[in-house]
Amino acid sequence: MDFCGFVADSMKWAKLYYHNPDFIYHLNGTKDKVFLTFDDGPTARNTEWILKTLDKYKAKASFFMIGNNIMQHPSLVREIVQQGHSVGNHTFNHDKGFRTGLMTYVQSVRKTQELLPEGSNLFRPPYGRIRLKQARSIQQMGLKIVLWSVISCDYEVRISPMRCYNLVHRRIGKGKIIVFHDSLKAEKNMRYVLERVLDEYSEKYKFEAIRL
Ligand SMILES: [Zn+2]
């Protein structure tokens, strides 16, 4: 298995590693629902395009956003919420859990939480990496830790849009949480894969926002 194949399956390993039943990798009992998620936004470049594309297919999604980006584009956050999508916390500076002290990490999450609409309770650690102590503190704030079951590798500039699509295509299924990136680096791959996934699967699945 090559690197992207490994990354695409990485959550299986994370699940074994964390032994944490509170982390959410997929949503059971959801019939024909699939959950698209977008990390690292909002961005002036991509968020509007993502919203327009989702709307074209009547799809809903979840946006895990960086506090620093929210501060720069508050109107995009309002637009995301108004269009019926859910929003989540992705730390203030895209902090690396394994390299950040507990207090600094928690403060970063808290600072971001203050910028999100009241009642937001979703959190995704950048890179899917978090120490258990950090996770416990964040859960005590009332946040649910949402990871993923399918990664598109859209941020990987060395791989083709077609290859990214295949990573999703081979793993998509009911209850799956799929991760894309609202970032400049992922733009080319993300746009191709999102449009194609929506086009090919909108009849088979219902794309919904995560609400816990
Ligand atoms: Zn991220």
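In case you missed it, the structure is sitting above this.
What comes next is a walk through the structure. What you see as residue numbers is a count from 1 along each chain, following the sequence as written. Given that the model is predicted, a residue must reach a pLDDT of at least 70 before its local features are reported, and side-chain atom pairs must reach 80 or more before they are shown or counted; all residues, however, enter totals for whole chains, interfaces and linings. In computing side-chain properties, one takes all heavy atoms of the structure into account and sets aside hydrogens as well as water.

## Some thoughts on the side chain of Ser86
Then, in step 1: Turning to its location among the elements, Ser86 is positioned in strand β3 (residues 86-89).
Then, in step 2: Buried means the residue's accessible area, taken with a 1.4 Å probe over protein chains only, is under 20% of the maximum for its type, while exposed means over 50%, and partly exposed covers the values in between. On the basis of relative accessibility, which here comes to 4%, the residue Ser86 falls in the buried class.
Then, in step 3: For the purposes of these results, a polar contact is taken to be a pair of N or O atoms within 3.5 Å, where, inside protein, one atom must be able to donate a hydrogen and its partner to accept one; residues adjacent in sequence count only when each atom of the pair is a side-chain atom. Within the local environment of Ser86, its side chain forms a polar contact with the backbone oxygen of Ile210, the two atoms lying 2.8 Å apart. The numbering of helices and of strands both runs from the N terminus, where a helix is a DSSP run of H or I of at least 4 residues and a strand a run of E of at least 2.

## A closer look at the pairing of strand β2 (residues 61-65)
Then, in step 1: The buried fraction of β2 is high, at 5 of 5 residues.
Then, in step 2: Judged by which residues are buried, β2 turns out to be covered on both faces: Ala61, Phe63 and Met65 on one side and Ser62 and Phe64 on the other are all buried.
Then, in step 3: Where strand β1 (residues 33-39) and β2 come together, 4 bridges link them in parallel fashion. Residue Asp39 lies in a different strand from β2, and its bridge partner there is Phe64.
Then, in step 4: Consider the strands pointing away from the viewer: the crossover is right-handed when the path from the first strand over the helix to the second runs clockwise. As a crossover connection, the stretch from β1 through helix α3 (residues 47-56) into β2 is right-handed.
Then, in step 5: Strand pairing follows a simple DSSP-based rule, namely that at least 2 bridges must link the two strands. By the bridge criterion, 4 bridges tie β2 to β3 in an arrangement that is parallel. Residue Ser62 lies in a different strand from β3, and its bridge partner there is Ser86.

## Brief notes about the pattern of salt bridges
Then, in step 1: Take a side-chain nitrogen of Lys or Arg and a carboxyl oxygen of Asp or Glu: if they are within 4 Å of each other, that pair is a salt bridge. Evaluated as defined, the whole model comprises 9 salt bridges.
Then, in step 2: Of the charged contacts in the structure, one is a salt bridge between Arg45 and Glu187, with a shortest N-O distance of 2.5 Å. Linking Arg45 in the loop between β1 and α3 with Glu187 in helix α9 (residues 187-201), this pair joins segments that are 142 residues apart in sequence.
Then, in step 3: Here Asp55 ties to Lys58 by a salt bridge, and the two come within 4.0 Å at their closest N and O atoms.

## A closer look at the coordination of the zinc ion
Then, in step 1: Counted as coordinating are nitrogen, oxygen and sulfur atoms within 2.8 Å of the metal, or 3.2 Å for Na, K and Ca, while water is not included, which may make sites look incomplete. Around the zinc ion, the protein supplies Asp40 (OD), His90 (NE2) and His94 (NE2) as donor atoms, at distances of 2.0 to 2.1 Å.
Then, in step 2: Within one chain, the residues serving as donors to the zinc ion are arranged as D-x49-H-x3-H. With Asp40 in the loop between β1 and α3 and His90 in the loop between β3 and α6 (102-113), this pair connects stretches of sequence that are 50 residues apart. Here Asp40 matches His90 in class, with each residue buried.

Don't take any of this as a statement about function, it's just geometry.
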